[in-house]
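Read off the chains here:
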Amino acid sequence: MAGITIKRVYDPYEEADGYRVLVDRLWPRGIKKEDAHLSAWEKEVAPSSELRKSFNHKPELFGIFREKYLIELRTQTDKIHKMEELYEISKKQKLTLLYAAKDTVNNHAIILLEELLRKEK
């Protein structure tokens, strides 16, 4: 397996990032598409709009957000298929999940990363 990492879309592009996929539902503010160096933008794997809005990046709501997002990832067909695609890519080349949130600890990309890594076991 080549590996999976996460980083903010605002961090500098590195060739070593490999396959760069934006996993946010909304386009990040202040980033030009050509400057993002994306391989793909997979909105489907992001939390639903309702879940994203209810979380509103409040750290105290992260536990509840995590539970609900995991339910989405494990039960919604579109998310399951996208995760399978991303996992297959990660077996062939390095996969970097990009997100825009300022909080590097309480964000959906961390949950998505953990769920993808769970597939290895």
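Keep in mind that what you see is a predicted model, and the values were worked out from it rather than measured. (Residues numbered from 1 in each chain as written. Predicted model: local features only at pLDDT ≥ 70, side-chain atom pairs only at ≥ 80, totals over all residues. Heavy atoms only, no water.)

**Q** Sorry if this is basic, but what is going on with the nonpolar core here?
**A** What tends to happen in soluble globular proteins is that the nonpolar side chains get buried as a cluster. Of all hydrophobic cores here, the largest spans 26 residues; its most connected members are V21, L73, L95, L97, L112 and L116. Where this core is concerned, the elements lending two or more residues are β2 (19-22), α2 (49-55), α3 (62-75), α4 (77-92), β4 (95-99) and α5 (108-118). In this structure V21 touches A40, E42, L86, L95, T96, L97 and L98, once residues within four positions along its chain are discounted. Ranked by size, the runner-up nonpolar core spans six residues in total, among them V9, A36, L98 and A100. (Core = buried A, V, L, I, M, F, W, Y, C linked by side-chain atoms within 4.5 Å. Buried < 20%, exposed > 50% of the residue type's maximum accessible area, 1.4 Å probe, protein only. Helix = DSSP H or I, 4+ residues; strand = E, 2+ residues; numbered from the N terminus. Contact = heavy atoms within 4.5 Å.)

**Q** Any chance you could explain the pattern of salt bridges here in plain terms?
**A** For side chains bearing opposite charge, pairing can occur when the charged atoms are close. This model, assessed by the stated rule, comprises 10 salt bridges. A salt bridge links R66 to E114; the nearest nitrogen and oxygen atoms lie 2.7 Å apart. Taken as a pair, R66 in helix α3 and E114 in helix α5 lie far apart in primary sequence, 48 residues in all. Residue classification places R66 among the partly exposed residues on the basis of a relative accessible area of 29%. The residue E72 makes a salt bridge to K79 at a minimum N-O spacing of 4.0 Å. (Salt bridge = Lys/Arg side-chain N within 4 Å of Asp/Glu carboxyl O.)

**Q** I tried to follow the packing of aromatic side chains on my own but got confused; where do I start?
**A** The relation between two aromatic rings is expressed through the spacing of the ring centres and the mutual angle of the planes. Applying the stated criterion to the full structure yields five aromatic pairs. With 5.1 Å between their ring centres and 70° between their planes, W27 and W41 make a pair best called edge-to-face. A residue pair is termed long-range when its members are at least 10 positions apart, and W27 in the loop between β2 and α1 (33-36) and W41 in strand β3 (residues 40-41) qualify at 14 residues. Taking relative accessible area as the criterion, W27 reaches 24% and is therefore assigned partly exposed. Between F55 and F65, the ring centres sit 4.3 Å apart and the planes meet at 15°, which makes this aromatic pair stacked. Taken as a pair, F55 in helix α2 and F65 in helix α3 lie far apart in primary sequence, 10 residues in all. Like F65, F55 is buried. (Phe/Tyr/Trp six-rings, centres within 6.5 Å; stacked < 30°, edge-to-face > 60°.)

**Q** Sorry, what's going on with the packing of α3 against α4 here?
**A** Between two packed helices, what matters for the description is the angle formed by their axes and the separation of those axes. Close contact between α3 and α4 brings their axes to 5 Å; oriented N to C, the two are set at 80°. In terms of axis orientation, α3 runs roughly perpendicular to α4. Contact with α3, carried on its side by Y69, E72, L73, R74 and T75, involves T77, K79, I80 and M83 of α4 and no other residues of that element. Residues that form the contact of α3 with α4 fall into these classes: four nonpolar, two polar and three charged. (Axes fitted to C-alpha atoms, helices over the stretch in contact; angles between N-to-C directions. Parallel < 35°, antiparallel > 145°, perpendicular 65-115°, else oblique. Nonpolar A, V, L, I, M, F, W, Y, C, P; charged D, E, K, R; others polar.)

**Q** What's the story with the pairing of β4 in this structure? I'm lost.
**A** Regular strands place side chains that alternate from one sheet face to the opposite one. Of all five residues in β4, five are buried; the element is thus mostly enclosed. Of the two faces of β4, the one lined by L95, L97 and Y99 and the one lined by T96 and L98 are each fully buried. Two strands pair when backbone bridges link them, and strand β1 (residues 4-8) and β4 are joined in this way by five bridges, in the parallel orientation. Within β4, the residue paired with K7 across the bridge is L98. Both β2 and β4 contribute to a ladder of four bridges, which runs parallel. Within β4, the position partnered with Y19 by the bridge is L95. (Pairing = 2+ DSSP bridges.)

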